[in-house]
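Observations on the three-dimensional arrangement
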Amino acid sequence: MQSIRVVCAHDCPDMCSLLAHVEDGKVVRVQGDPDHPFTAGFACAKVNRDAELVHSPERLTTPLRRTGAKGRGEFKPIGWDEALDEIATRWKAIIAEEGPLAILGYAYSAHQGLINRGLPSGLFHALGTSRLQAGTVCDTCCEEAWNAVAGPVGSADPESVVHSDLVISWGADLVATNVHFWAMAEQERKKRGLKIVCIDPRRSRTAQGADWHLPIRIGTDAALALGLMHILVRDGKADRDYLARRTLGFDKVESSVLPRFAPARVAEITGIPVVDIERLAAMYGNAKAALLRLGEGMTRLTHGGQALRTVALLPGVSGHYAKPGGGALLMTAASCDLNYAAVRRPSGPATTRMVNHLRLGEALLSMSGPRLRALYVSANNPAITCPDVGKVRRGLAREDLFTVVHDPFMTATARYADIVLPSTTYLETEDLFRAYGAYWMQWGQRAVAPQGEARSNADVARALAKRMGLTDAVFSKSEREIAQMLFVGATGPASRATPERLFAAEHISIAHDRPDGQPFSTPSGKLEFDSQTLRDQGLPSLPDWTPDPVEAEEAPRYPLRLLTAPGYFQPHTAFSGVGFLRKREGAPIAILHPEDARARRLTDGDRVRLYNDRGSVGLVLKVSDEVQPGVVLVPGQRPDEEAVSGTVNMLCSDRYTDLGEGATYQSTWLEIAPWQAAA
Ligand code: SF4
């Protein structure tokens, strides 16, 4: 048996180094790599089953051409040459008739490293097509919010937790989404008595494992952060020296915002009792090095940007940003300066028409001048993951739209395709990886040959570039050569990586020395409480909290608020092809508080209908006080065929967040009734 060092590509902040044990050309087991300093020899429960992902009987093995109606999933196998020739012929005809803007490249990140993610984007850049404003379903809101206060720079190193005496997991379920940071924090708790506090609307596994859980009302994080600042100032715990040296505009916040956030009002807004707000402020103010783990959950609603921005300002008041083990951990990738443009923007127009990732439905149905005539989807499943999925599916069903989907599995989106191409998983390709929640970089080796006739994203991008007559050098390079291009002109710790070290599968630390604590790369070079950048965009320049305007509109008709979170075994559809994990997760459920269930005469295990103006979804009910009254939790994004009916994003609107034009999944109101009522 051979053990090959690979890198987990499941779009997760930890970026585990893994060992794939291979026998007779098959992955028999995937396990954590014991030699990696951060991911430390264990993988999460999902990826421990990745041998079954690679060799799943549900994998696509050949290219397919549609034979039935769009959405029905009726196809017949065809050869690669036939498939690629047809794609190139159709694209050339569309470009000749309407220009390249009539084509949309919709390639994202599932199962991919930097090369397999970047090269399809490079293809569409070079062709001059409409391009994807990527990541708005995911992290653009929190990124913009962080940039507004700290600038485009990596946040704290998770490994600095060895110096922390308090960790606050704020809007993050670490056990599900950042398990190695959780493990390190737990270890420090055992060793040194580090305290872990969890602020989350639900009693997640992280909340259960924390020393203290504060169940906050959804959408009120900014109010709590301002309340804590109010108390820090009132009690003389604000670090005046740090505020004067390293921050901008706190005086305005202190005089015009904080007086409105006294503990009694904050308690009313957040649902957290005054005594707990006071206790939390004292804990935070007295901590020597408090580390906030900022979760993206708090950003997926109308005022999500203000929420994250305000919480991220808190360590500026206490001065924790200056301390090793203090500050805030969000994302780290902005401090990894590689030559991404070499792959993603080889040639083609600098600007083009952009399509917001979350508004695919709108673009397919309404975009004109020219109308979208062709769509290429890879590493993405918008027919499940986009908000207002009904609109996406209506767009995908257009008979005059030529759609290609490249994926390892027959996804809900692939069912609408004219041509489906079988994709490799990360275990069948080589790629370069850098973590976005830690400071590590690594070369992922190929463990086994592509299954069936599967081809990697990079390989297909190269093949299509050739057929489309593109001559950019990057499209004729191997993965290793492309990796070397990424390092041309790289700066900072990332530039320490050399091809020899990378291709030897060494773990390469790209952590920065930060003698002055968290650096800031805002226009002022300081942590900005008052942001001219936001003012220039017509946005509030100071942090604040105001109610969610959608609530006033929708809550009178639909009394329950949706909360979504990753499922522990099925966070999204990338793991749908593993039967064992589907079984572990169970049927798609909706979790409702006992009071709300009683009021509707619903009991545990009932089939229920969740509905609002946008649609209706059938799920199995779980009655539990892990959620607060008035909230419905739906874990994971699951395909229709696993549910009673539909998928949860049918209920969500495609409205934007206040920053970053992100998705507002949690600004969704709905009602629940017995499923039979729908019938
Ligand atoms: S914890 Fe994250 S990086 Fe590690 S194996 Fe699981 S999904 Fe992959």
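Residues numbered from 1 in each chain as written. Predicted model: local features only at pLDDT ≥ 70, side-chain atom pairs only at ≥ 80, totals over all residues.

A short note on the overall build of the protein
What the protein contains, in helices and strands, is 25 helices and 27 strands. The principal-axis extent of the C-alpha atoms belonging to the protein is close to 70 × 65 × 55 Å. Looking at the protein as a whole, 59% of its 679 residues are labelled buried. Sequence separation of at least 24 residues holds for 76% of the intrachain contacts in the protein that already meet a minimum separation of 6. (Helix = DSSP H or I, 4+ residues; strand = E, 2+ residues; numbered from the N terminus. Buried ≥ 20, exposed ≤ 12 C-beta atoms within 10 Å, placed from the backbone. Contact = placed C-beta atoms within 7 Å.)

Focus: the site of the ligand
By nearness alone, every residue bordering the ligand is listed as Cys 8, His 10, Cys 12, Asp 14, Met 15, Cys 16, Ala 43, Cys 44, Lys 46, Val 47 and Val 179. Of the residues contributing to the shell around the ligand, the split by class is 8 nonpolar, 1 polar and 2 charged. (Near = placed C-beta within 6 Å. Nonpolar A, V, L, I, M, F, W, Y, C, P; charged D, E, K, R; others polar.)

Looking at the domain arrangement of the protein
What the domain assignment reports for the protein is domain 1 (2-54), domain 2 (64-137 + 339-497), domain 3 (141-330 + 517-533) and domain 4 (549-678). A C-alpha centroid distance of 28 Å is found between domain 3 and domain 4. Contacts between the two partners involve 23 residues from domain 3, matched on the other side by 23 residues from domain 4. Elements represented by at least two residues in the side of domain 3 that touches domain 4 include exactly α4 (140-150), α5 (174-177) and α13 (304-318). Of all the elements, α4 adds the most residues to the side of domain 3 that touches domain 4, at 5 residues. For the side of domain 3 that touches domain 4, the per-class residue count stands at 8 nonpolar, 9 polar and 6 charged. (Domains from an automatic or database assignment.)

Focus on the packing of helix α8 (residues 221-234) against α13
Contact geometry of α8 with α13 gives a least axis separation of 8 Å together with a crossing angle of 20°. Considering the angle they form, α8 stands roughly parallel to α13. Judged by the twist between their axes, the crossing of α8 over α13 is left-handed. Only Gln 306, Ala 307, Thr 310, Val 311, Leu 314, Val 317 and Ser 318 of α13 make contact with α8, whose side of the interface consists of Asp 221, Ala 222, Ala 225, Leu 226, Leu 228, Met 229 and Leu 232. The residue inventory of the contact of α8 with α13, partitioned by class, reads 10 nonpolar, 3 polar and 1 charged. (Axes fitted to C-alpha atoms, helices over the stretch in contact; angles between N-to-C directions. Parallel < 35°, antiparallel > 145°, perpendicular 65-115°, else oblique. Left-handed = near helix turned anticlockwise from the far one by under 90°.)

Re the sheet that holds strand β12 (residues 290-294)
As summarised here, the arrangement of the 5 strands in space is β10-β9-β8-β12-β13, forming an open sheet in which the pairing is parallel. The sheet is open, and its two borders are formed by β10 (212-214) and β13 (327-329), each paired with just one other strand. For this sheet the average axis-to-axis angle between neighbouring strands, irrespective of direction, equals 20°. Here β12 pairs with β13 via 3 bridges, running parallel. Each bridged residue has a counterpart across the sheet, and for Arg 293 the counterpart in β13 is Leu 329. (Pairing = 2+ DSSP bridges.)

Regarding the nonpolar core
Among the nonpolar cores identified, the biggest contains 223 residues, and Leu 228, Val 311, Ala 312, Ala 590, Leu 610 and Val 632 are the most heavily contacted of them. By residue number, the principal contributor to this core is α8, which donates 9 residues. Excluding residues within four positions of it along the chain, Leu 228 makes contact with Leu 280, Ala 281, Tyr 284 and Leu 314. (Core = buried A, V, L, I, M, F, W, Y, C linked by C-beta atoms within 7 Å.)

Re the sheet that holds strand β1 (residues 2-7)
In spatial order, the strands read β1-β2-β3; together these 3 strands make up an open sheet with antiparallel pairing. The sheet is open, and its two edges are formed by β1 and β3 (26-32), each paired on a single side. Here the average twist between neighbouring strands, direction ignored, is 30°. Pairing geometry for β1 and strand β2 (residues 17-23), over 6 bridges, is antiparallel. Its bridge partner lying in β2, Ile 4 is registered against Ala 20.

Some remarks on the packing of α8 against helix α11 (residues 263-270)
Each pair of packed helices gets described by two things: the angle between the helix axes and the distance between those axes. For the pair α8 and α11, the least separation of the axes is 9 Å and the interaxial angle reads 165°. As summarised for this structure, α8 and α11 are arranged roughly antiparallel, according to the angle between their axes. Our pair here, α8 against α11, has a crossing hand that is left-handed. Here Ala 223, Leu 224, Gly 227 and Ile 231 of α8 come into contact with α11, specifically with Pro 263, Val 266, Ile 269 and Thr 270. Counted by class, the contact of α8 with α11 contains 6 nonpolar, 2 polar and no charged residues.

Quick look at unusual backbone geometry
In this structure, the amide linkage connecting Gly 369 to the following residue, Pro 370, adopts the cis form with an omega of -5°. By the secondary structure assignment, Pro 370 is in the loop between α15 (360-366) and β15 (374-378). Of note in this structure, Asp 11 is not a glycine but carries a positive phi near 50°. The topology assignment puts Asp 11 in the loop between β1 and β2. Overall, the presence of 18 C-beta atoms within 10 Å leaves Asp 11 in the partly exposed class. In this structure, Asp 24 is a non-glycine residue whose phi angle is positive, near 50°. Note that Asp 24 resides in the loop between β2 and β3.

Here's the deal with the environment of Met 331
Topologically, Met 331 is positioned in the loop between β13 and α14 (341-344). Put simply, Met 331 and Gln 666 are 335 residues apart on the chain and 21 Å apart in space, counted from C-alpha to C-alpha. Filtering out sequence-adjacent residues up to four positions away, Met 331 remains in contact with Glu 143, Gly 154, Ser 155, Tyr 436 and Gly 437.

Quick look at the pairing of strand β27 (residues 669-674)
Bridge analysis of strand β22 (residues 560-565) against β27 gives 2 bridges, and the strand direction is antiparallel. Residue Arg 561 lies in a different strand from β27, and its bridge partner there is Trp 669. Pairing analysis gives 4 bridges linking strand β24 (residues 607-612) to β27, with the strands arranged antiparallel. The residue of β27 that forms the bridge with Arg 609 is Ala 673.

Considering the pairing of β24
Here is the key point about a regular strand: its side chains alternate between the two faces of the sheet. In terms of burial, β24 is a largely internal element, 5 of the 6 residues being buried. Strand direction decides the pairing type here: β24 and strand β25 (residues 615-623), joined by 6 bridges, are antiparallel. Bridge pairing in β25 places Val 608 opposite Leu 619. Count of turn residues in the β24/β25 antiparallel hairpin: 2 residues.

Some remarks on helix α6 (residues 179-192)
With 14 residues, α6 extends 20 Å between its outermost C-alpha atoms, agreeing within 8% with the 20 Å of an ideal straight helix rising 1.5 Å per residue. Taken together, the buried residues of α6 touch β8 (166-170), α5, β9 (195-199), α7 (205-209) and β12. (Expected span 1.5 Å × (residues − 1).)

Considerations on the environment of Pro 201
Tracing the backbone through its elements, the reader meets Pro 201 in the loop between β9 and α7. Since 26 C-beta atoms lie within 10 Å of it, Pro 201 is described here as buried. Through-space distance from the C-alpha of Pro 201 to that of Pro 387 is 21 Å; in sequence the pair is 186 residues apart. Not counting residues within four places of it along the chain, the set of residues in contact with Pro 201 comprises Pro 215, Ile 216, Arg 217, Ile 218, Leu 563, Gln 628 and Val 631.

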